[in-house]
Amino acid sequence: MAKTMAVNAGSSSLKFQLLEMPAEQVLAQGLIERIGMDDAIVTIKYDAKAMNQGGRLDDQLVDDSNITISKDGQTRKYETVLPIKDHQQAINFMLQKLTDLGIIVDFNEITGVGHRVVAGGEWFNHSVKVTKAVLEKIDRLADYAPLHNPANAMGIRAFQKLLPDAVSVAVFDTSFYQTMPEENYLYAIPYQYYTRYGARKYGAHGTSHRYVANRAADMLRQPLKDLKVITMHLGAGDSITAVKDGKALDTSMGFTPLVGVAMATRSGDVDTSLIYYIQEREGLTNDQMLNILNKKSGLLGLSTISSDMRDLLAVYDTNDHARLAIKVFVNRIVKYVGQYIAEMGGVDALVFTAGIGENSAPIRQMIADKLAYFGVALDEAANQKRGEEIDISAKDARVKTLVIPTNEELMIARDVELFK
Ligand code: ADP
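Cut-offs used in this document
Residues numbered from 1 in each chain as written. Predicted model: local features only at pLDDT ≥ 70, side-chain atom pairs only at ≥ 80, totals over all residues. Heavy atoms only, no water. Near = heavy atom within 4 Å. Polar contact = N/O pair within 3.5 Å; in protein donor to acceptor, adjacent residues only side chain to side chain. Areas by Shrake-Rupley, 256 points an atom, 1.4 Å probe, with all protein chains shown as cover. 1 Å grid on protein atoms, 1.4 Å probe; cavity = no way out; pocket = protein on both sides within 12 Å on 5 of 7 lines; lining within 4 Å. Sits in = over half its atoms within 2 Å of the grid points. Pairing = 2+ DSSP bridges. Helix = DSSP H or I, 4+ residues; strand = E, 2+ residues; numbered from the N terminus. Contact = heavy atoms within 4.5 Å. Axes fitted to C-alpha atoms, helices over the stretch in contact; angles between N-to-C directions. Points joined across faces, edges and corners; volume = space filled by probe spheres on them. Nonpolar A, V, L, I, M, F, W, Y, C, P; charged D, E, K, R; others polar. Core = buried A, V, L, I, M, F, W, Y, C linked by side-chain atoms within 4.5 Å. Buried < 20%, exposed > 50% of the residue type's maximum accessible area, 1.4 Å probe, protein only. Salt bridge = Lys/Arg side-chain N within 4 Å of Asp/Glu carboxyl O. UniProt positions renumbered as here; feature names shortened; annotations may be inferred.

Bringing the site of the ligand into the picture now. In the neighbourhood of the ligand, 14 residues make up the surrounding shell, with Gly-235, Ala-236, Asp-308, Met-309 and Gly-355 lying closest. One of the backbone nitrogen or oxygen atoms of Gly-237 is found 3.5 Å away from an oxygen atom of the ligand. For the ligand, whose unbound accessible area comes to 580 Å², protein coverage reaches 68%. In this structure the site holding the ligand corresponds to the second largest pocket.

Moving on, we come to the sheet that holds strand S8 (residues 128–129). Pairing between sheet strands relies on hydrogen bonds along the backbone, with the strands arranged either parallel or antiparallel. Strand order in the open sheet formed by 9 strands is S5-S6-S4-S3-S2-S1-S7-S9-S8, with mixed pairing between adjacent strands. Edge strands, defined here as strands with exactly one partner in the open sheet, are strand S5 (67–69) and S8. Sheet analysis places strand S2 (residues 14–20) next to strand S3 (residues 25–33), joined by 7 bridges and oriented antiparallel. Across the sheet, Leu-18 pairs through a bridge with Ala-28, a residue of S3. On top of the sheet, helix H1 (residues 87–100) reaches strand S1 (3–9), S2, S3, strand S4 (40–47), strand S6 (75–82) and strand S7 (110–117); it is set at about 35° to S2, its chief contact. Sheet strands touched by helix H15 (residues 408–417): S1, S2, S7 and strand S9 (167–172). Its angle to S7, the strand with the most contacts, is close to 125°.

Okay, the layout of surface pockets next. Roughly 390 Å³ of volume is contained in the second largest pocket. In terms of lining residues, the second largest pocket is bounded by 17 residues, among which Asp-308, Met-309, Arg-310, Gly-355 and Ile-356 are the most central. Elements represented by at least two residues in the lining of the second largest pocket include exactly helix H10 (309–314), helix H12 (354–359) and helix H13 (361–370). A class-by-class count of the residues in the lining of the second largest pocket yields 8 nonpolar, 6 polar and 3 charged.

Before going further, it helps to spend a moment on the sheet that holds strand S13 (residues 349–353). The mixed open sheet is built from 6 strands, whose spatial order is S12-S11-S10-S13-S15-S14. Because the sheet does not close on itself, it has two edges, and the strands there are strand S12 (247–251) and strand S14 (390–391). Judged from the 5 bridges that link them, strand S10 (residues 228–234) and S13 form a sheet pairing that is parallel. Its bridge partner being in S13, Val-229 is matched across the sheet by Ala-349. Across the sheet, helix H6 (residues 206–220) lies against S10, strand S11 (238–244), S13, S14 and strand S15 (400–403), angled at about 130° from S10, the strand it touches most.

Once that is clear, we can look at empty space enclosed by the protein. One pass over the full model with this rule turns up 1 cavity of 30 Å³ or more. Considered as a void within the structure, the largest cavity measures approximately 30 Å³ in volume. Lining the largest cavity we find Val-113, His-115, Ile-156, Phe-159, Gln-160, Leu-163, Ala-166, Val-167 and Ser-168. Where the lining of the largest cavity is concerned, the elements lending two or more residues are S7, helix H3 (149–162) and S9. Grouping the constituent residues of the lining of the largest cavity by class yields 6 nonpolar, 3 polar and no charged.

Moving on, we come to the nonpolar core. By size, the foremost hydrophobic cluster in this structure holds 37 residues, and its most contacted members are Ile-240 and Ile-367. Counting only elements with at least two residues in this core, the list comes to S10, S11, H10, helix H11 (320–344), S13 and H13. If one sorts the elements of this core by residue count, H11 sits on top with 12 residues. One finds Phe-16, Tyr-78, Ala-158 and Ala-166 within the second-largest nonpolar core, a separate group that totals 34 residues.

This next bit is on the pattern of salt bridges. Using the criterion set out here, one finds 20 salt bridges in the structure. Here Lys-225 and Asp-226 are joined by a salt bridge, their closest N and O atoms 3.5 Å apart. Its relative accessible area of 54% is what places Lys-225 among the exposed residues. The partner of Lys-400 in a salt bridge is Asp-391, and the shortest N-O contact between them spans 3.3 Å. Of the residues examined, Lys-400 reaches a relative accessible area of 36% and is grouped as partly exposed. Residue Asp-391 is classed as partly exposed on the basis of its relative accessible area of 30%. Via salt bridges that share partners, Lys-3, Glu-20 and Glu-109 belong to a single interconnected network.

A word on the pairing of S6. Each regular strand displays side chains that alternate between the two surfaces of the sheet. Going residue by residue along S6, you find Arg-76, Tyr-78, Thr-80 and Leu-82 tucked away on one face and Thr-75, Lys-77, Glu-79 and Val-81 left uncovered on the opposite face. As paired strands, S4 and S6 are joined by 8 bridges and run antiparallel to one another. Bridging across to S6, Thr-43 finds its partner in Glu-79. In terms of strand pairing, S5 meets S6 through 3 bridges, oriented antiparallel. Of the residues in S6, the one forming a bridge with Ile-67 is Tyr-78. Linkage of S5 to S6, two consecutive antiparallel strands, is achieved through a turn of 5 residues, within which Gly-73 is found at a positive phi near 75°.

With that out of the way, let us pick up the UniProt feature "binding site: Mg(2+)" (unreviewed entry) in the protein chain. Here the UniProt feature "binding site: Mg(2+)" (unreviewed entry) sits at Asn-8 and Glu-408. Look at the named residues: they lie 401 residues apart in sequence, but the longest C-alpha span between them is just 9.8 Å, so in the fold they bunch up. Note on placement: Asn-8 falls in strand S1. The class for Asn-8 is partly exposed, based on a relative accessible area of 23%. Residues in contact with Asn-8, not counting those within four places in the same chain, are Ser-13, Leu-14, Lys-15 and Arg-116. By the element assignment, Glu-408 lies in helix H15.

Below, the structure written as structure tokens:
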């Protein structure tokens, strides 16, 4: 059987999903955290149905005290804490555990591995099979994503060692945005900085936006190339993307994921001069200032209480700062959507996705209310639903509003199929 692993390797963590392809059935998913520590944590969740694929019997596993079984007996969770020195060891342990748990018989069943890679620069406008030259480019692009690309490359190398026969595919967060026209990706700064350093907008969350834009077209039963769609990925990181003629036309994130709308802890757009003004007065180094803009701003910075939208909504009526943070959050999104409607000359569908987009009816309602002029209107009852693909637009709305749970792992696995 052909199984595909979708991998998201961070500097000290590794997220994975194992899927049966092309059936798109999720067999197992998991997370290894604190790689490099003596108390690394490995979690693997899997469906009871996925077991015995390896021909093992349930009762061989029953007395494994690391496994908890859900009340309905359908889902199981394996969890353990152990020393893991590096990504190679982490992946080795994970594959061995998938075998022990009866999810795979031997490693060779995994015929493809898709890797999330954060920065693809201008080199990659679609997913590619990993070759030596591709890996070298991913290494060289570390300048654009110093925390991510080296970890992504480490994940690729580690899997290649253990699964040398599996097809290895790199799926870039930025490739979806390589279709943007230069008037949208260039900053109005001296042109030589673009040619010398690649100083331009690259965008982020591309795999998520690509997935939900395509699902939106499926839901509306029209080819994506005939639709004008605005996708809103609202999670801890937030970005808005305009999709026209089946391609990304513009997006709110930039050279890095720091700009655009206000996020959980990232500032989004700020007047650059103000940054120097604050730095000077507070005596902050560049790194300290960047840390404040990345980790202490956004919802957290404005509300002073939390970066989590649920906490802020809970005190919306009683806490002025929480309300202010939410208003800024909503308003920034509305401004980007309005801008993209103008840029595309209209809009057929808006899509909400990620933690806030998928789960928060009040935030969706606030955004929709402010876009009423464009013909956006929600069906109140439909908007209360959660966690499923749903059309939440009112009957007479001129613009469709959809909620589509994102699925980057599935998008990665589908891309791997193209190279098998
Ligand atoms: P990430 O961007 O890290 O992948 P998620 O997409 O999981 O994050 O989104 C995390 C955010 O989603 C958090 O800020 C959390 O508050 C928010 N969120 C999750 N559920 C809800 C909810 N029911 N209402 C409002 N916000 C929610």
